[in-house]
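Listed here are the chains, written in short residue letters.
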Amino acid sequence: DGGITQSPKYLFRKEGQNVTLSCEQNLNHDAMYWYRQDPGQGLRLIYYSQIVNDFQKGDIAEGYSVSREKKESFPLTVTSAQKNPTAFYLCASTRGLAGIETQYFGPGTRLLVL
Amino acid sequence: DAKTTQPTSMDCAEGRAANLPCNHSTISGNEYVYWYRQIHSQGPQYIIHGLKNNETNEMASLIITEDRKSSTLILPHATLRDTAVYYCIVSKGGSNYKLTFGKGTLLTVNP
């Protein structure tokens, strides 16, 4: 079945540590996105990528970094500069950026700081 | 993109129609109305979208007022599995395609 996978489901980070969240899709989609969700809140866009080797900052990019070396993969690194990283992280993809594309979401990774 | 306003929460009896309202009074002519839902601790799921005309698919119906300043998502026969947060989003798409997810409406379907 085609879809988006995120791993791990739960991730624990120690203070001052960088951690990387995985996002893989086999939908052959061009565009991929990372969102952050805090309890009781909506989703906020961290980064998005329209094409391999290109990505743009979203609304809350500080303390995060991404790469897009392959079409099917868009890993997110939460750096030590992100002072409040505890949240639910969601990866999504769309076929392209033509305008009315449906966003498909992965199951999410919950990051907790020890 | 235009901002949307939704009620914080709603209840519905199982088997009855659930009607979820959304106000988007500042919507512009080239902006679409999207609905997504998020079941607890899962990723959001696309439901339906529309521009001007009413739309229907296997999940729901979307009714957009003639002036496009508001819309209603209708789940015709709500089940317990429809309990979720429902997001109404307005976006023009294009090369800067982004969806802004607000807090949405928590729909609770009661037995």
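Higher on the page you've got the structure.
Notes on the structure follow. (Residues numbered from 1 in each chain as written. Chains lettered and ligands numbered in written order. Predicted model: local features only at pLDDT ≥ 70, side-chain atom pairs only at ≥ 80, totals over all residues. Heavy atoms only, no water.)

Examining the overall build of chain B
- On a plain count of helices and strands, chain B comes out with zero helices and nine strands.
- Listing each helix as α and each strand as β along chain B from the N terminus yields β-β-β-β-β-β-β-β-β.
- In summary, chain B has a C-alpha radius of gyration of 13 Å against a globular reference of 13 Å for 111 residues, a match within 12%.
- Each of the three principal axes of chain B carries a C-alpha extent, and together these read 40 × 30 × 25 Å. (Helix = DSSP H or I, 4+ residues; strand = E, 2+ residues; numbered from the N terminus. Rg over C-alpha atoms; globule rule 2.2 N^0.38 Å.)

Focus on the sheet that holds strand E7 (residues 64-66) of chain A
Residues and elements named next belong to chain A.
- Reading across the sheet, the four strands line up as E1-E3-E8-E7 and stay open at both edges, with antiparallel pairing between neighbours. Taken across any chain shown, the strands that pair with only one partner, and hence form the sheet edges, are strand E1 (4-7) and E7. Taken pair by pair, the neighbouring strands of this sheet meet at an average axis angle of 20 degrees, ignoring direction.
- Summarising the sheet, E7 and strand E8 (residues 76-78) pair through three bridges and their orientation is antiparallel. Bridging across to E8, Ser65 finds its partner in Thr77. (Pairing = 2+ DSSP bridges. Axes fitted to C-alpha atoms, helices over the stretch in contact; angles between N-to-C directions.)

Some words on the interface of chain B and chain A
- Each side of the interface is counted separately: chain B has 21 residues, and chain A has 25 residues.
- Buried area between chain B and chain A, both sides added, is near 1,700 Å², and the carbon and sulfur share of it is 53%.
- On inspection of chain B and its partner chain A, the count reaches zero salt bridges.
- Put simply, chain B and chain A have five residue pairs in polar contact (both at pLDDT 80 or more) between them.
- Ranked by the residues each element gives to the side of chain B that touches chain A, the list is headed by strand E3 (residues 32-38) of chain B, at four residues.
- Residues that form the side of chain B that touches chain A fall into these classes: nine nonpolar, ten polar and two charged. (Contact = heavy atoms within 4.5 Å. Buried area = accessible area lost by both parts, 1.4 Å probe. Salt bridge = Lys/Arg side-chain N within 4 Å of Asp/Glu carboxyl O. Polar contact = N/O pair within 3.5 Å; in protein donor to acceptor, adjacent residues only side chain to side chain. Nonpolar A, V, L, I, M, F, W, Y, C, P; charged D, E, K, R; others polar.)

A word on the side chain of A:Arg13
All names here are of chain A.
- When you line up the elements, Arg13 lands in strand E2 (residues 10-13).
- Buried and unpaired, Arg13 has Glu15 as its nearest opposite-charge partner, separated by 4.9 Å.
- One polar contact links the side chain of Arg13 to the main-chain carbonyl oxygen of Thr79, over a distance of 2.8 Å.
- Ignoring sequence-local partners within four residues, the contact set of Arg13 consists of Val19, Val78, Thr79, Ser80, Gln82, Pro85, Leu111, Leu112, Val113 and Leu114. (Buried < 20%, exposed > 50% of the residue type's maximum accessible area, 1.4 Å probe, protein only. Lys, Arg positive; Asp, Glu negative; His and termini not counted.)

Here's the deal with the pattern of salt bridges
- Under the counting rule described, the total for this entry stands at four salt bridges over all chains.
- A:Arg44 is the salt-bridge partner of A:Asp38, the closest N and O atoms lying 2.8 Å from each other.
- Owing to a relative accessible area of 15%, A:Asp38 belongs among the buried residues under this scheme.
- With relative accessibility at 39%, the residue A:Arg44 sits in the partly exposed group.
- For the salt bridge of B:Arg37 with B:Asp82, the shortest nitrogen-to-oxygen distance reads 2.8 Å. Of the two residues, B:Arg37 sits in strand E3 while B:Asp82 sits in the loop between strand E7 (70-75) and strand E8 (84-91), which places them 45 residues apart along the sequence.
- Residue B:Asp82 is classed as buried on the basis of its relative accessible area, which comes to 12%.
- Taken together, the shared-partner salt bridges in this structure form one network comprising A:Arg36, A:Asp38 and A:Arg44.

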